[in-house]
Each structure stands twice: as C-alpha cells, then as structure tokens.
Amino acid sequence: IDLQTNGVMFTPKYWDKMKKIHSSLGSIYLSLDAAKEETYNITRRGGNWKKVIENIKFLSLKRKQGMFNWLRLDFVVQYDNYKEMPAFLDLAKELGVDQVFFSLVVDWGTWSKEEYDKRCIWKKSHPNFNDFLKVLKNPKFNDWPYVDLGNLSEYVGQAKSL
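Reading guide: rules and limits
- Residues numbered from 1 in each chain as written.
- Predicted model: local features only at pLDDT ≥ 70, side-chain atom pairs only at ≥ 80, totals over all residues.
- Heavy atoms only, no water.
- Helix = DSSP H or I, 4+ residues; strand = E, 2+ residues; numbered from the N terminus.
- Rg over C-alpha atoms; globule rule 2.2 N^0.38 Å.
- Buried < 20%, exposed > 50% of the residue type's maximum accessible area, 1.4 Å probe, protein only.
- Polar contact = N/O pair within 3.5 Å; in protein donor to acceptor, adjacent residues only side chain to side chain.
- Contact = heavy atoms within 4.5 Å.
- Core = buried A, V, L, I, M, F, W, Y, C linked by side-chain atoms within 4.5 Å.
- Pairing = 2+ DSSP bridges.
- Axes fitted to C-alpha atoms, helices over the stretch in contact; angles between N-to-C directions.
- Parallel < 35°, antiparallel > 145°, perpendicular 65-115°, else oblique.
- Nonpolar A, V, L, I, M, F, W, Y, C, P; charged D, E, K, R; others polar.

Asks: Looking at this structure, how should I read the overall build of the chain?
Replies: A tally of helices and strands in the chain yields 8 helices and 5 strands. Taken from the N to the C terminus, the helices and strands of the chain come in the order β-α-β-α-α-β-α-β-α-α-α-β-α. A compact globule built from 162 residues would reach a C-alpha radius of gyration of about 15 Å, and the chain, at 17 Å, matches this within 12%. With the principal axes as the frame, the chain shows a C-alpha extent of 50 × 35 × 25 Å. Out of the 162 residues in the chain, the part that is buried amounts to 47%.

Right, dumping it as structure tokens:
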C-alpha cells in the first residue's frame, strides 16, 4: 500500500490505528510545498507546519526502522514557493527522507485564469521566469542523488544555458 497525504494528521496515534496494514506499507508521499512555515501557510492553507514537521520526523524514524520502504516529500512548484526549492532539499536531508519530488502546479479549476497564470512561474511570459531558471541553476539539485525534478527537467536544461 502506498499512501499520499499532506501529513498533518499522520501522528503517532494515527500510525497506531493503522497497525493492521503496517506490514503492507510500501511508500509514503507527503506534500509539503514549502521549506518555511510562512510559505507553507500560503501553499497549504489550513495546515499546521509544526505538526507536519513532527509527523515527518516520526515517519522518518519508522522508515529507518524498516516499517515501510520509501519516504518522499513532494513540492508543487508555483510563484509563491519557487525560491524555496533549494532550501526544501536541505529540509528533506535534515528530515531524513529518501527522495524529493518536484512538479509544476496544475490548473484544477481552483483559481481564475488570471490567478493561475500568476502562479505559473515556468511560463516564459511570467515576469519572474528568469528568476525561476536561476533557482534551477543551484548546484544543490545535483548534490543529492534522490532529487526527482519531474516535469521541471526541461527547465533545468534551459537554466544551464543562462
């Protein structure tokens, strides 16, 4: 069983409630989308930074104990958080996860077209597009072997040409 969650309620108490499936757990994916509490409060409204960080530390310990196979942090890239991508790698190392996965925000009809376009930092028409590419030039993306740039990979190539 693979689980994808925002991690807020994934407490030790919740873990204990899941004891019947512990032996079937494969991977746990946690969507965090920030490296700092202030940004988390924007990208994950209604979440609780301190609680989710505690929960990730707990799950990291369970992972090290062999309770499941893989622990990954996910980061959906948008205007509000793109500058924190390198710091997110530092946080992931500190928390002891196996992998970090980056992906671009998708339009699920949540925002107006104008609001969505404002968040699409990877569009060449975005006023901060070159800043986004500069972030992707950061050598931290090459330092850690477990970085999955997902659909950002094409932009890394563009960043190298800057």
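Asks: Would you take a moment to explain the side chain of Arg72 for this structure?
Replies: You can see Arg72 is positioned in strand S3 (residues 70-77). Look at Arg72 and you get buried, because its relative accessible area is 14%. Only 2.6 Å separates the side chain of Arg72 from the side chain of Asp74, close enough to count as a polar contact. Once residues within four sequence positions are removed from consideration, Arg72 is found in contact with Ile28, Tyr29, Leu30, Gln99, Val100 and Phe101.

Asks: How should the nonpolar core be read in this particular structure?
Replies: Inside soluble globular proteins, nonpolar side chains tend to come together where they are buried. Residues Leu32, Val77, Met85, Phe102 and Phe132 are the most contacted members of the largest nonpolar core, which totals 51 residues. Contributing elements (two or more residues each) for this core: strand S2 (27-31), helix H3 (49-64), S3, helix H4 (85-95), strand S4 (99-104), helix H6 (129-136) and helix H8 (153-160). Those residues in contact with Phe102, other than ones at most four positions away along the chain, are Phe75, Val77, Met85, Phe88, Leu89, Phe141, Val147, Asp148, Leu149, Gly150, Asn151 and Leu152.

Asks: Got a minute to help me understand the sheet that holds strand S5 (residues 147-148) in this structure?
Replies: Pairing between sheet strands relies on hydrogen bonds along the backbone, with the strands arranged either parallel or antiparallel. Across the sheet, 5 strands lie side by side as S1-S2-S3-S4-S5; this open sheet has parallel pairing. Here the strands that pair on one side only, and so sit at the sheet edges, are strand S1 (3-5) and S5. Strand direction decides the pairing type here: S2 and S3, joined by 5 bridges, are parallel. When the sheet's bridge partners are listed, Ser27 is paired in S3 with Trp70. Sitting on the sheet, H4 touches S3, S4 and S5, and the angle it makes with S3 is about 165 degrees.

Asks: What is the right way to read the packing of H6 against H8 from this model?
Replies: Here H6 crosses H8 at 90 degrees, and the two axes come no closer than 8 Å. Considering the angle they form, H6 stands roughly perpendicular to H8. Residues Phe129, Phe132, Leu133 and Leu136 of H6 pack against Tyr155, Val156, Gln158 and Ala159 of H8. A breakdown of the residues in the contact of H6 with H8 according to their chemical character gives 7 nonpolar, 1 polar and no charged.

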